[in-house]
Amino acid sequence: MTKECAVNAVKGCSYIYAPAGQAGEYAPLACNPYRGCGHKCAYCYVPLVLHMLRPQFDAGASPRPGFIANLKKDAKKYVAAGKTDQQVMLTFTSDPYHPADTSLTRETLEVLQSFGFGVCTLTKGGTRALRDLGLFRPSQDSFASTLTTLDDAFSLKWERAAALPKDRITALKAFHDAGIFIWVSLEPTLDCASSLEIVRETHDFVDLYKIGRANYLGEYIKLMDWRDYTLRMIELCQKLGVAHYIKESLQEYLPVGYPNVLRQVQHK
C-alpha cells in the first residue's frame, strides 16, 4: 500500500476504498457499484483484474449484491474517521453510465453526497449521464470522460457499444455549462495524433487532462513513440495553457524538474 493509500483508507472498508497503482492516479477514493460493463471496449483490462471471461464482462453490468447497504456502512466509518473531504470516483470495474439500467449510479451518488463526500464519475456513456446532471455540485463534484479519438469509425472499432465521441463531448459541454469541473482521460492512447487533436478541439471547455499510454495491448504498445508523444503533448498543453497530469507510464519521458501535480483540485 502506498503512503497516500494508507492515509486515505479506513480499516474494514472495501466498498469505499483508496485505489492503488494506475487507478490511484485517477482518484484518492473510489467505489464500484457494478460488475461487468457492456461497452465492449477491446482494450479494457478489467476482465483480467476481476478474473472474468471477456464475453461475460461484455454482456452487461450487474449491480453488486447488497451494495447500497454496504456503501452506507463504509461511509459511516469514513465519517467517524474524519475522511470525507475527498471525491469518491465511480468506477473502476464498470462504467457508471453503461448501456443498461444505471439507477444504482444515481442512488450511489446520492448516498455519498449525503455523507459529505464529493463525487466524480468517469464514463464513456456520453449523454446518458445528463439524467444525473442536477446532482452535481460545482463546489464539490466533477465529471469526466475517456476520449481516445474524435473519429466515429475508429471509436466503433475499439469501443463497440460506448457512446460515440461527439456524444461524449456533448455531455462534457453540458456539465461545463452547468458550472461543473470536467476532466478528460486520455488513456488509453491508441493513436498519438488523435489524442493531440482531442486536446486541440476540447481545451476551451475541459478543465484538466490526465494523460497515459496504451496498456495491456502487447505488441500494439511497441508501435508508438512514447517519448515523442509525451514531449509533443506537454508542449501543446503548455501552449494552450491547459492543466494536465502525465501518468506514471509516461513520466520517464518528462524533462527533469517538469511540474507534474498528481492531486489537482477537481471542483470549482
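A brief structural summary.

The rules behind these values
Residues numbered from 1 in each chain as written. Predicted model: local features only at pLDDT ≥ 70, side-chain atom pairs only at ≥ 80, totals over all residues. Heavy atoms only, no water. Buried < 20%, exposed > 50% of the residue type's maximum accessible area, 1.4 Å probe, protein only. Helix = DSSP H or I, 4+ residues; strand = E, 2+ residues; numbered from the N terminus. Pairing = 2+ DSSP bridges. Phe/Tyr/Trp six-rings, centres within 6.5 Å; stacked < 30°, edge-to-face > 60°. Lys NZ or Arg CZ within 6 Å of the ring centre and 35° of its normal. Contact = heavy atoms within 4.5 Å. Core = buried A, V, L, I, M, F, W, Y, C linked by side-chain atoms within 4.5 Å.

Moving on, we come to the pairing of strand β6 (residues 142–146). Across the five residues of β6, five count as buried, placing the element largely inside the fold. Side chains S142, A144 and T146 project from β6 onto one buried face, and the interleaved F143 and S145 project onto a second face that is buried too. As judged from the four bridges shared by strand β5 (residues 118–123) and β6, these two strands associate in the parallel manner. Paired with C120 across the two strands is S142, which belongs to β6.

What follows is about the packing of aromatic side chains. Within a pair of aromatic rings, the relevant descriptors are the distance that separates the centres and the angle that separates the planes. Within the structure shown, the criterion is met by nine aromatic pairs. Ring centres of Y15 and F67 lie 5.8 Å apart, and the angle between their planes is 55°; on these two criteria the pair is classed as tilted. Of the two residues, Y15 is situated in the loop between α1 (3–8) and α2 (21–24) and F67 in helix α5 (residues 67–81); the sequence distance between them amounts to 52 residues. Each member of the pair, Y15 as well as F67, carries the same accessibility label: buried. Centroid distance Y78 to F117: 5.9 Å. Interplanar angle 65°. Geometry classified as edge-to-face. Separated by 39 residues along the polypeptide, Y78 in helix α5 and F117 in the loop between α6 (103–114) and β5 bring together distant segments of the chain. Note on accessibility: Y78 and F117 belong to one class, buried. Between K210 and the ring centre of W183, over which it is positioned, the NZ or CZ distance is 4.0 Å.

A few words on the environment of L104. Within the secondary structure, L104 is located in helix α6. Its relative accessible area of 11% is what places L104 among the buried residues. Sequence-distant contacts of L104, that is, excluding residues within four places in its chain, are made with P33, Y34, P63, F67 and I68.

On to the nonpolar core. Counting residues in each nonpolar core, the largest one holds 72 residues, and the members touching the most others are L112, F143, I211 and W226. Ranked by residue count, the leading element in this core is helix α10 (residues 226–240), at six residues. Filtering out sequence-adjacent residues up to four positions away, I211 remains in contact with L186, Y229, M233, C237, H244, Y245, I246, K247 and L250. Ranked by size, the runner-up nonpolar core spans twelve residues in total, among them A27, A30, A144 and F181.

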